[in-house]
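# Remarks on the overall topology
If you want the building blocks of each chain, they are given just below.
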Amino acid sequence: MGQFEEVAREVASSVGGLPVAVQLMDTKEDVEKTGTVGEAQLSGGDAVYYEGNATLADGQALGQKLQSIGYFTAKAPTCF
C-alpha cells in the first residue's frame, strides 16, 4: 500500500491536490485496502505528510511535536 500512497502523493496536484483517497482493488474491482494521503501545513513553512489511516489531526500533532523539539530547520524538511 505504501508504494501506491507514494504515487498518490506525486500525482495529487493533477487530481485536485491533497488529501487523496487511495483504494487498492482486486481484478474484480473489489476494494481490498483503503488509505488517505494528505499534508499537514505547519507554521514556518514546515509540513508533514500523513498516509494510511492517519488523519490531518495526527499529522498536525506530529508536526507540532517535531517543531517543539527543534526537528525542523530553516530549510523546511519534510517528514513522512
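Everything discussed here concerns the structure shown above.
Every chain is numbered independently, its residues counted from 1 as its sequence is written. Only residues with pLDDT of at least 70 are given local features in this predicted model, and only at 80 or more are side-chain atom pairs given and counted; all residues enter the totals for whole chains, interfaces and linings. Excluded from the side-chain calculations are hydrogens and water; all other atoms, namely the structure's heavy atoms, are used.

Each residue's exposure class comes from its accessible area (1.4 Å probe, protein chains only) as a fraction of the maximum for that residue type: buried when under 20%, exposed when over 50%, partly exposed otherwise. The secondary structure listing takes helices from DSSP runs of H or I that are at least 4 residues long and strands from runs of E that are at least 2 residues long, numbered from the N terminus. Of all six residues in strand 3 (residues 47-52), five are buried, a share of seventy percent or more. Pairs of strands are assigned from DSSP output, requiring at least two bridges between the strands. In this sheet, strand 3 lies alongside strand 2 (residues 31-41) in antiparallel orientation, the contact comprising six bridges. By the bridge assignment, Gly38 is partnered in strand 3 with Tyr50. Between strand 2 and strand 3, which pair antiparallel one after the other, the connecting turn spans five residues, and Gly44 there sits at a positive phi close to 85°.

The subject of this paragraph is helix 2 (residues 56-68). For helix 2, which comprises 13 residues, the first-to-last C-alpha distance of 18 Å matches the rise-based estimate of 18 Å (1.5 Å per residue) to within 8%. One or two positions beyond helix 2, positive phi appears at Gly70, with a value near 80°. Multiplying 1.5 Å by the helix residue count minus one yields the expected span of that helix.

The next thing to look at is the pattern of salt bridges. Salt bridge, as used here: a side-chain nitrogen of Lys or Arg that lies within 4 Å of a carboxyl oxygen of Asp or Glu. This structure, assessed with the given rule, holds one salt bridge. Across the pair Arg9 and Glu6 runs a salt bridge, and its minimum N-O distance is 2.8 Å. Of this pair, Arg9 and Glu6 both sit in helix 1 (residues 2-11), three residues apart, which is roughly one turn of the helix. Judged by its relative accessible area of 19%, Arg9 falls in the buried class. In this structure Glu6 comes out as partly exposed when scored by relative accessible area, which is 29%.

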